Amino acid sequence: MNYVSTVSYEVLLNGSPLEVFKPTYGLRQGDPLSPYLFILCMEVLSGKVIQAQNAGALRGIRLCPNVPPLTHLFFADDVVFFLQDSNKSIYSLKSILDAYCRASGQRINDNKFGVLFSPSTKLNQARECLQVLNIRHNAGIGKYLGLPTKFNGSKREIFAGLIEMVSKRVSSWNGIFLSPAGRLTLISSVLSNIYNYFLSVFKLPVKDLRLIDGSWDTGFLRFLFTPELVNKILAIPCCLSQVRDKVFWKHTSDGLYSVKSGYGIAFEEYMKIHGTTTDRDRINEAGVSFYKKILWNLPWPSSWKVFLWRLLTNSLPMGAEFMRRNIQVDSSCKLCVDCEGLAETSAHLFRDCRIACRVWACSDLGIRTLGSAHINIGDWVINWIIYLRKTEDAEIKVIKFLATLWCLWLVRNRILFQGEHFHPQMFFWFVVMLGGDGVEGA
């Protein structure tokens, strides 16, 4: 401690040291030396406990036969001691703590100092222990590193707080306007950190795990409904709050079924069967399966993943899709005037449009769009990704392919919402910024 009390400092100002000075109030929180000094002091305390154990003055507990006894755990400024209920061990620990406090100048926080006795501890032994350690009001040791140290019977009562914490965190996000990719990142980075440590120590009850994960009882659903209905139900996220379920018809504002709304749904299904709408279901079946198996695990930006998901499921907000939903908008292609009168579909914008054809022809990916009009756009995208993943420099080529699709979408949006006029340099500048340096000028 003498070296710590005689430390001196110099401050650099514009690269030149100022006059040397010595601190007069000791180390404070934030001082770079403070954590190291704390670790050195705690190491002395640990050594004293081990020394007493080796001398037989202090006896720890064994978690299982043929392993060294456990006497203490340290984490930051929290200390947990594990002792057998013998007077010799209690007095030895008291002596070690008193000596440590005198040498280091630290004091024990009486508000956090508590003892947790095993059920077999006799009442008179427990009272003597509390008296020796000078504990007047023993409330146990509460939680250690956020986990409960004592529980009786069912663990559901313990994890009720965890479920409430997750529910409050999710409900606080309702007013946050985030993109789908932003919501995905928020959930995976925040919620997983809340319960990961719990799961590393305790096995949660199945019911609590379902409340946290928001999952459906798949077996019960398959018992009640057809496979097609089960898949649609599983696509609905579960609510984390404890609100009672009720029947709700989503096609009306008040949630009540009406003949008018039912007729509208039936008419839409009739039009799908007769082939007058897009083949959304086939795209979903092929695209979603491929997306889950391969694309989800690739190291791409979240915005790309969500964009590709919406492209494969034909759910991008485009002219033809708006018209299908009876929303009156200009459904023509936004990229070039030569396509005037042609509906803006995913296939047209990303492959069949004259501008899109020029873009793919100028890339170094070897993609040609002529003769592809009969292929569904979702199948076309998936087939090219599968092909490019089998070529040399596969990762770079796949990224260029996706960057090109993404840039076509960005350019289309800038023309539509910012009134810009398209020129090839705009598109190729986007691709270069995203790493597509293999795309050449038109």
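Given the structure is predicted, the values throughout are model-derived calculations rather than measurements.

Caption draft 1: Structural view of the overall build of the protein. Counting its regular elements, the protein contains 18 helices and six strands. Long-range pairs, those at least 24 residues apart, make up 51% of the contacts in the protein with a sequence separation of at least 6. A total of about 29400 Å² of accessible surface is found on the protein, and carbon and sulfur atoms cover 58% of it.

Caption draft 2: Local environment of the environment of Gln106. Among the secondary structure elements, Gln106 is positioned in the loop between helix H3 (87–104) and helix H4 (123–132). The exposure class assigned to Gln106 is partly exposed, which follows from its relative accessible area of 28%. Between the C-alpha atom of Gln106 and that of Cys41, which follows or precedes it by 65 residues, the distance is 9.8 Å. With near-sequence residues (within four places) excluded, Gln106 lies in contact with Phe38, Cys41, Tyr100 and Cys101. Within polar-contact distance, the side chain of Gln106 engages the side chain of Tyr100 at 2.3 Å.

Caption draft 3: Structural detail: the packing of aromatic side chains. Evaluation of the coordinates by the stated rule reveals nine aromatic pairs. With a centroid separation of 5.7 Å and an interplanar angle of 75°, the aromatic rings of Trp360 and Trp380 are classed as edge-to-face. Residue Trp360 is found in helix H15 (residues 354–362), and its partner Trp380 is found in helix H16 (residues 377–388); the two are separated by 20 residues along the sequence. Grouping residues by exposure puts Trp360 and Trp380 together as buried. Considering the side-chain rings of Trp360 and Phe401, the 5.3 Å spacing of their centres and the 35° angle between planes classify their relative orientation as tilted. Of this pair, Trp360 sits in helix H15 while Phe401 sits in helix H17 (residues 394–418), placing them 41 residues apart in sequence. Accessibility expressed as a relative area gives 0% for Phe401, which makes it buried. An aromatic cluster is defined as three or more aromatic residues linked by ring pairs; in this entry it consists of Phe307, Phe350, Trp406 and Trp409.

Caption draft 4: Inspection of the packing of H15 against H17 at higher detail. Direction vectors running N to C along H15 and H17 enclose 155°, while the axes themselves pass 12 Å from each other. Here H15 is positioned roughly antiparallel relative to H17, judged by the angle of their axes. Where H15 crosses over H17, the handedness of that crossing is right-handed. Contacts from Ala356, Val359 and Trp360 in H15 reach Phe401, Thr404, Leu405 and Leu408 in H17. The class makeup of the residues in the contact of H15 with H17 is six nonpolar, one polar and no charged.

Caption draft 5: Representation of the nonpolar core. Formed by 38 residues in total, the largest nonpolar core has its most connected members in Leu335, Phe350, Trp360, Val381, Phe401, Leu402 and Leu405. If you list the elements that add at least two residues to this core, you get helix H12 (302–312), helix H14 (346–352), H15, H16 and H17. Here this core gets 10 residues from one element, more than from any other, and that element is H17. Not counting residues up to four positions away in its chain, the partners in contact with Trp360 are Phe350, Arg351, Leu365, Ile367, Arg368, Thr369, Trp380, Phe401, Thr404, Leu405 and Leu408.

What counts and what doesn't
Residues numbered from 1 in each chain as written. Predicted model: local features only at pLDDT ≥ 70, side-chain atom pairs only at ≥ 80, totals over all residues. Heavy atoms only, no water. Helix = DSSP H or I, 4+ residues; strand = E, 2+ residues; numbered from the N terminus. Contact = heavy atoms within 4.5 Å. Areas by Shrake-Rupley, 256 points an atom, 1.4 Å probe, with all protein chains shown as cover. Buried < 20%, exposed > 50% of the residue type's maximum accessible area, 1.4 Å probe, protein only. Polar contact = N/O pair within 3.5 Å; in protein donor to acceptor, adjacent residues only side chain to side chain. Phe/Tyr/Trp six-rings, centres within 6.5 Å; stacked < 30°, edge-to-face > 60°. Axes fitted to C-alpha atoms, helices over the stretch in contact; angles between N-to-C directions. Parallel < 35°, antiparallel > 145°, perpendicular 65-115°, else oblique. Left-handed = near helix turned anticlockwise from the far one by under 90°. Nonpolar A, V, L, I, M, F, W, Y, C, P; charged D, E, K, R; others polar. Core = buried A, V, L, I, M, F, W, Y, C linked by side-chain atoms within 4.5 Å.

Distances and angles like these do not, on their own, reveal function.
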